[in-house]
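Spelled out, the chains give:
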Amino acid sequence: MPTVKTSSAEVEYFVTGEGPGLVLLHGTGGAAEGFAHLVEKFSDKRTVITPNYSGSGRTKDNGEPLTVDAVVEQVAAAIRDAGTGPVDLVGWSLGALNSAALAAKHPELVRRLVLLTGWAALDERQRLFFDLWDRLDRLDHDAFGRFLQLHGWTDTQINAFGVAGVEGLLAGGIPAGIGRQIALNLQADITDLLPQITVPTLVIGATQDRVVPVEHSRRLHQAIAGSRYAELDAGHFALFEKADELTVLLQEFLYEDVAAAAAAA
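**Student:** Hey, could you run me through the environment of valine 110 in this one?
**Tutor:** Assignment of secondary structure puts valine 110 in strand E7 (residues 110-116). Under the relative-accessibility criterion, valine 110 is labelled buried at 4%. If near-sequence neighbours (up to four positions away) are discounted, valine 110 is found in contact with Pro86, Val87, Leu89, Leu102, Ala103 and Val199.

As structure tokens, this is what we get:
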């Protein structure tokens, strides 16, 4: 896999397929491989780029606390190094927050933007929730993993998995660097950047989200001028739980200008 250096990191990223660039950006504790099921749905028409920012994969940095600016620099470097920009940028959870910041700071790198179950700033409920994440992760990393699974999925999905199924999900482990990403959750605030987003944007919320309640997605939509909005009947792990419905939303939005051009020809 290729890597690219920034002022403070060596960033790992993966490239699959050919065509215009599509970047998929993971959330807290996520990693590039978590998008495998989406990569295969888009790599026939797109060069799909999946970076690992600090705390995930084999990306290495100076170990300092993460900032939005540092993650933006890492993802921007991967886009430039891959040479397929401007790209369509899809961010999930913390990846949505970082993607929104990148689109505001580097509009020349982004063609279209999708923000899935993201947020701009913490309210008091969200601050308490991420603080609990931080405390659990420090006290018992495995127990934190169970807490995360319990809240990330809908009750219907948890019951379908059963205890054995959840144990199987936990077998893959959680990145050791997740604590640094949780710390970023607790201090990031991109509210002032949202009015600077000018690229076509789709915000997607999840109505049963217990990690980042859907009201945060609705606020993102309201704050980004001209953005569109959609909701999935899913939890925070909508990326997996409603993968087919999400794919339809993404394809309709990302390909609509191509379809319009073809219809006009």
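**Student:** Just checking my understanding: could you explain helix H4 (residues 124-139) for this structure?
**Tutor:** Along an α-helix, residues three or four apart share an orientation, since each turn contains 3.6 residues. With 16 residues, H4 should reach 22 Å at 1.5 Å per residue; the first-to-last C-alpha distance of 22 Å fits that figure. The inward-facing, buried residues of H4 abut helix H5 (141-152), helix H7 (178-187) and helix H8 (215-223).

**Student:** Whenever I open this one, the pairing of E7 confuses me. Can you help?
**Tutor:** On a regular strand, each side chain points to the face opposite its neighbour's, so the side chains alternate between the two faces of the sheet. The element E7 is extensively covered by neighbouring structure, given that 6 of its 7 residues are classed as buried. Running through helix H3 (residues 94-105), the crossover from strand E6 (residues 87-92) to the neighbouring parallel element E7 is right-handed.

**Student:** Any chance you could explain the pairing of strand E2 (residues 9-16) here in plain terms?
**Tutor:** Looking at chain direction, strand E1 (residues 3-5) and E2 are connected through 3 bridges and run antiparallel. Across the sheet, lysine 5 pairs through a bridge with glutamate 10, a residue of E2. Counting the residues between successive antiparallel strands, the hairpin from E1 to E2 contains 3 residues. Relative to strand E5 (residues 60-61), E2 runs antiparallel, the two sharing 2 bridges. Pairing of glutamate 10 across the sheet is with lysine 60, part of E5. Looking at chain direction, E2 and strand E4 (residues 47-52) are connected through 5 bridges and run antiparallel. Bridge pairing in E4 links threonine 16 to valine 48.

**Student:** Would you take a moment to explain the packing of helix H2 (residues 68-82) against H3 for this structure?
**Tutor:** Helix-helix packing is described using two parameters, namely the angle between the two axes and the distance between the axes. Where H2 meets H3, the closest approach of the two axes is 9 Å, and the angle between their N-to-C directions is 70°. Overall, the two elements H2 and H3 adopt an arrangement that is roughly perpendicular. Two secondary-structure elements touch here, H2 through Val68, Asp69, Val71, Val72, Val75, Ala76 and Ile79 and H3 through Leu97, Asn98, Ala101, Leu102 and Lys105. Across the contact of H2 with H3, the residue classes break down as 9 nonpolar, 1 polar and 2 charged.

What counts, and at which threshold
Residues numbered from 1 in each chain as written. Predicted model: local features only at pLDDT ≥ 70, side-chain atom pairs only at ≥ 80, totals over all residues. Heavy atoms only, no water. Helix = DSSP H or I, 4+ residues; strand = E, 2+ residues; numbered from the N terminus. Buried < 20%, exposed > 50% of the residue type's maximum accessible area, 1.4 Å probe, protein only. Contact = heavy atoms within 4.5 Å. Expected span 1.5 Å × (residues − 1). Right-handed = clockwise from strand over helix to strand, strands pointing away. Pairing = 2+ DSSP bridges. Axes fitted to C-alpha atoms, helices over the stretch in contact; angles between N-to-C directions. Parallel < 35°, antiparallel > 145°, perpendicular 65-115°, else oblique. Nonpolar A, V, L, I, M, F, W, Y, C, P; charged D, E, K, R; others polar.

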